[in-house]
Amino acid sequence: MLVHIDGPWSPLLGRLALSEIPYTNPILVGTFIFASLLAVVLVGLVSYLGLWRTLWRDWLTSVDHKKIGIMYILIGLVMLFRGFIDAVMMRTQQALAVGPHSPGYLNSLHGYLTPYHFGQIYTAHGTIMILFAATPLLVGIMNILVPLQIGARDMAYPYLNAVSLWLTAAGAALVMASLFVGNFAHAGWFGIVPVMELPYSPGVGVDYWMWAFQLSSIGTTLGGINLLATIVKMRAPGMTWGRLPIFTWASLSANLISLTTFPVLSVTLALLALDRYVGTHFYTAGLGGNLMLYNDLFWIWGHPEVYFVILPAFGMISEIIPTFSEKPLFGYLGMVLASLGIAGVSWGVWLHHFFTMAAAPAVNAFFSITTMAVGIPTGVKVFNWAFTMFRGRLRFELPMMWAVAALFFLLVGGLTGMMNAFATNDYMVHNSVFVVAHFHMMLLLIVYAIFGGVNYWFPKVFGFRLEQRFGKWFFWLFTAGTATVFIPMFALGFMGMTRRLDYVPFPQWGPFLDAEVVGIAIYVLSAVFLVAQLYVSFRDRAANRAGLDAWETSRSLEWMTHSPVPFYNFAVTPQVHARDERAWRVEHGVDGLRPERYEDIHMPRNTAVPLWLGALSFGLAFGLVWRIWWLVEVCSAAILALIVIRSFDHDTDYTIPAKDVERMERAIRDVPSGRRVSGDLPDGVPALREGL
Amino acid sequence: MTHTTDNAWQHPEVQLAGGGYVVAYVVGLALMGLALWLVRGHVGSPLDLGIAMAAIAAVAAIVQCVLLLHMNISETQIWHTVALVLFIPLFILALGLSSWMFHGLYRRTMMMTVPHAAAAPTQAAKTGG
C-alpha cells in the first residue's frame, strides 16, 4: 500500500540518517551555532532570573486570550525575522549572480547559493511570511483585541484557543527543523505542480512543507471557529451588531473566510499526502489524475487567504485613523458592508492566479471582472478613511504614521492589482517580478498596519507606550528600504525579469538588483532601530506609563479597562450604550465612575494539555516527514488518548470571589505602579503589571 | 463565560441525540467503503463513477447534517438550518466555477485520445528518419 521510496530506510529512524544533517554547509552550520548560542543564552537567562515557574504557569499552560495572543505575536516576529533573512539571501544572490562572468562561491557556479538551495530559500520565504509570520501576527492581535472590544472575559473556547496556538507553533517548529535536519521544499510556497509530486521531489523537503502547512491550516481553522463563536455569542449586554467595534467586524469577516476556506486547504494537502505516501493519482498527469485540480483547489483557499490577512489590517487602520483624527469613523455601515463584501467576493476570484493556464476566454473574463470588483468595497473603505480624516484634528503620532503610510501601499498595490486583473495583461506579466512587487505592496500594507496596530495597542497590553524617537527612525528607514527595494523591482518587472531566478542572464539588470541590495541593507539598518525602540521603551517604561486611555482620544470598549489589562479583563461586565462606548462615556462625563458592587468572576483554568498536543503533533508530523512509522503510531495514539482523558476533566474553571475582585481593583487603582496583586489568588495569573 | 455544566450527558443536545452519533458513524463508514469499492473496482465509466461519487457525497453530507449536527426545522434548530444558505453561494462558486473552468480546459488541453494515436507513428517515423 505504501509507495516505494528509493534510498535507505530503517525501521528505527525511517529515512533519517547522518548524511541528512547538512553539517558541510557553512551557512547552515553558522546558523546552527547562532541558534544554539541564542538558545543557551535564553535558557541561561530564564534560569538566572528564576523564571521557569512563571514561564510554565503564566505562559506555556495559559489559556488567557491576551497571553495566547502575545505568544502568537512572538512566533510571528521570530518567523518574520527568519523570512527576512531568506529575503536578504535572495537579494544578495541575484545581485552577485549576474552574467556569465560572475564569480561563484561555496560550490555554486554563480553567486553563493546553488539552484537547489535557492529554490528552498524562496519556498521557505513565501511559506513563512504568509503562514508563519503574517497569519500568527494577525491572529495574535485578533486574539488579544476581540474579547476586549466586545467586553468578554475570554474567548468562547479558551482551551481550543491554546490548542490552535500550539498547533501553529508546531508547524513553525517543523519549518525551523528542516533547516538543520534534511531540507525544505524547492517547489514554491504554493507547490508548483507537478514538481511537488514524489517522482520530481523524492526528498523530504516537500513533506516538511506539506505537514507544516497542514498543522498551521488546522490551527487556523480552529482559531477561526473560536473567534466567530466569541463574536456571535460573547458580546457584553447592549453590544448590538450596530455597536460592534469596526475591528471586530473586520475580524468577523476575516474569520468567515478562514472557516470556509482553510478546510479546502486541509483537503488539498491531504490529497497531496495520499499521492506522496500511498501512491494515489489525484494530481498526476494521467492515470485519472489532473494537474490543474491542484492549482484549482489550492487557490480556492489561496486567494481568500489573502483577504483573510488583509481584512484585520483594514480593521486596525479603521481603529487608528478615527483616534488620531479625533472624530468618529466616517461611514460605519459602509465600512461593515465593505468588509463583508470583500469576504464575499474573495470566494470568486481565485482563478486569476492561473489566467495563463488554458482556461476558456469567457472563464478568464468572468474572473477578471470579479477581481476588479474587489476594488469597489476597497474603494469604499479608502474614501471612508479619507472622509474620517477630512477636517479632523490630525495627530501624526507613530500609529497614525504607519496607518497613513499603509494607505499609500494600498494605492500602489491596488492599482498594480487592477493591471494584473486584466487577463490579457496578465499574459504579459505572469511569473514576472512585477507580480512579486505587486503582492509585496499588499503584504507591506499588512506589515504597516501591524506595526501601526502594535504601536497603538502596546500600552493597552503592556501598560506603557512605545518610545517615539527611535520609532520614527524605524518608520522612515523601513519606508526608505521599501522604496529602494520595490521601485527597482517594478522596473525589472516591466523589463521582463521572471521570478525565482538563481542566475540572472542579462547584465543590464545588474544595477537594478544592486539598488535592491542597498534597499535590503536599509531594511537591516531599520531593524536595528526597531530593537533600539523596544529597548528604550522597556528601559523608560516608568516614564511612559499609560492610563486607561493611552491616546486620550480613543473610542472603543477596550480603552475602558486598566492598562495593562488584568487577567479578568473587566472588573464588572460593561453595559454598552453606544457604538463608540468609551467616547460616549467621556462625552457624558461617566467615564470615571466606579462600580457600586463587584460580582464573582468565572474564569477558565490553566491546562498543559494543549502544549502536549502541540508537541505530539510536531512528533507526528516529523515522523510522517521521515516515514518513521513507530513515531507516527505512538504520537497518534498519544494524541487520541490525551483528547479522551481531557474530556473527563471536569475541573476546567474556577470563580474569583467578588471580594477578591474588589481588592485587586483597589490595588490597581490606588497603587498605579504597584506590586503584583494576584500572587495569593488560587491559580491566579499575574496581571502583567510589571510590563513583562 | 456562561456557566454551563461540565457533564456532557446533561447537555440537552446530547440527551436528545439518542443513538444518532453511532448510526451516523456507521453510515459514514459504510458510504466511504462503498465509494472506495466503486473506485477500486472501476465499476462503470468515469462519468458514471463521478456521478456516483457526487451522489454518495451528498448522502453523506445529509447524514452528517441530520444525525451529527441535528439540523431540522424545529424552533430551537431552525436558525442553524437556515445558516446553511451560506452553503449555496459557496457551492455554486467553488464547484460551479471549477466545473466551468475544467470544461473549457478539457476542450483545449485533453485532445490526446484520438489525434495522439494517429499522430504517434508519424512522430516515430520523423525521429527515425
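Here, every reference points to the structure presented above.
Asks: Summarise the overall build of chain B; cite the residues concerned and give the values.
Replies: Scanning chain B for helices and strands turns up six helices and zero strands. For chain B, the sequential pattern of α-helices and β-strands runs α-α-α-α-α-α. A buried classification covers 2% of the 129 residues belonging to chain B. Long-range pairs, those at least 24 residues apart, make up 48% of the contacts in chain B with a sequence separation of at least 6.

Asks: Go over the overall build of chain A, please, and point to the residues and values.
Replies: Tallying secondary structure elements over chain A gives 20 helices and two strands in all. Expected size for 692 residues packed as a compact globule is a radius of gyration near 26 Å; at 25 Å, chain A falls within 12% of this value. Within chain A, the fraction of its 692 residues that count as buried is 51%. Nonlocal contacts in chain A, meaning residues at least 24 apart in sequence, comprise 82% of its contacts between residues at least 6 apart.

Asks: Give me the nonpolar core: which residues, what numbers.
Replies: All names here are of chain A. Residues Leu174 and Leu445 are the most contacted members of the largest nonpolar core, which totals 185 residues. In terms of residue count, the dominant contributor to this core is helix α14 (residues 433–462) (22 residues). If we skip the residues at most four places from it in the chain, Leu445 touches Ala313, Ala406, Phe409, Leu410 and Gly413. Phe570, Met603, Ile656 and Met664 belong to the second largest nonpolar core, which has nine residues in total.

Asks: Quick rundown of unusual backbone geometry? Include the residues and the values.
Replies: Residues and elements named next belong to chain A. The omega torsion of the bond from Val193 to Pro194 falls at 0 degrees, within 30 degrees of zero and hence cis. Among the secondary structure elements, Pro194 is positioned in the loop between α5 (158–180) and α6 (205–233). If you check the backbone angles, Glu552 has positive phi at about 70 degrees while not being a glycine. By the secondary structure assignment, Glu552 is in the loop between α16 (510–539) and α17 (581–587). Take Glu552: there are 11 C-beta atoms within 10 Å of it, and that puts it in the exposed class.

Asks: An account of the packing of helix α12 (residues 398–421) of chain A against helix α15 (residues 469–494) of chain A is needed here, citing residue identities and associated values.
Replies: All names here are of chain A. Contact pair α12 / α15: the axes reach a minimum separation of 10 Å and the direction vectors enclose 15 degrees. Considered as vectors, α12 and α15 are oriented roughly parallel to each other. For the element pair α12 and α15, the recorded crossing hand is left-handed. Residues Leu398, Met401, Trp402 and Ala405 of α12 lie in contact with α15, whose contacting residues are Gly471, Lys472, Phe475 and Thr479.

Asks: So, the interface of chain B and chain A: which residues are in play, and what are the values?
Replies: Between chain B and chain A, the contact holds 15 residues from the first and 17 residues from the second. Residue composition of the side of chain B that touches chain A, by class: nine nonpolar, four polar and two charged.

About the criteria used
- Residues numbered from 1 in each chain as written.
- Chains lettered and ligands numbered in written order.
- Predicted model: local features only at pLDDT ≥ 70, side-chain atom pairs only at ≥ 80, totals over all residues.
- Helix = DSSP H or I, 4+ residues; strand = E, 2+ residues; numbered from the N terminus.
- Buried ≥ 20, exposed ≤ 12 C-beta atoms within 10 Å, placed from the backbone.
- Contact = placed C-beta atoms within 7 Å.
- Rg over C-alpha atoms; globule rule 2.2 N^0.38 Å.
- Core = buried A, V, L, I, M, F, W, Y, C linked by C-beta atoms within 7 Å.
- Axes fitted to C-alpha atoms, helices over the stretch in contact; angles between N-to-C directions.
- Parallel < 35°, antiparallel > 145°, perpendicular 65-115°, else oblique.
- Left-handed = near helix turned anticlockwise from the far one by under 90°.
- Nonpolar A, V, L, I, M, F, W, Y, C, P; charged D, E, K, R; others polar.

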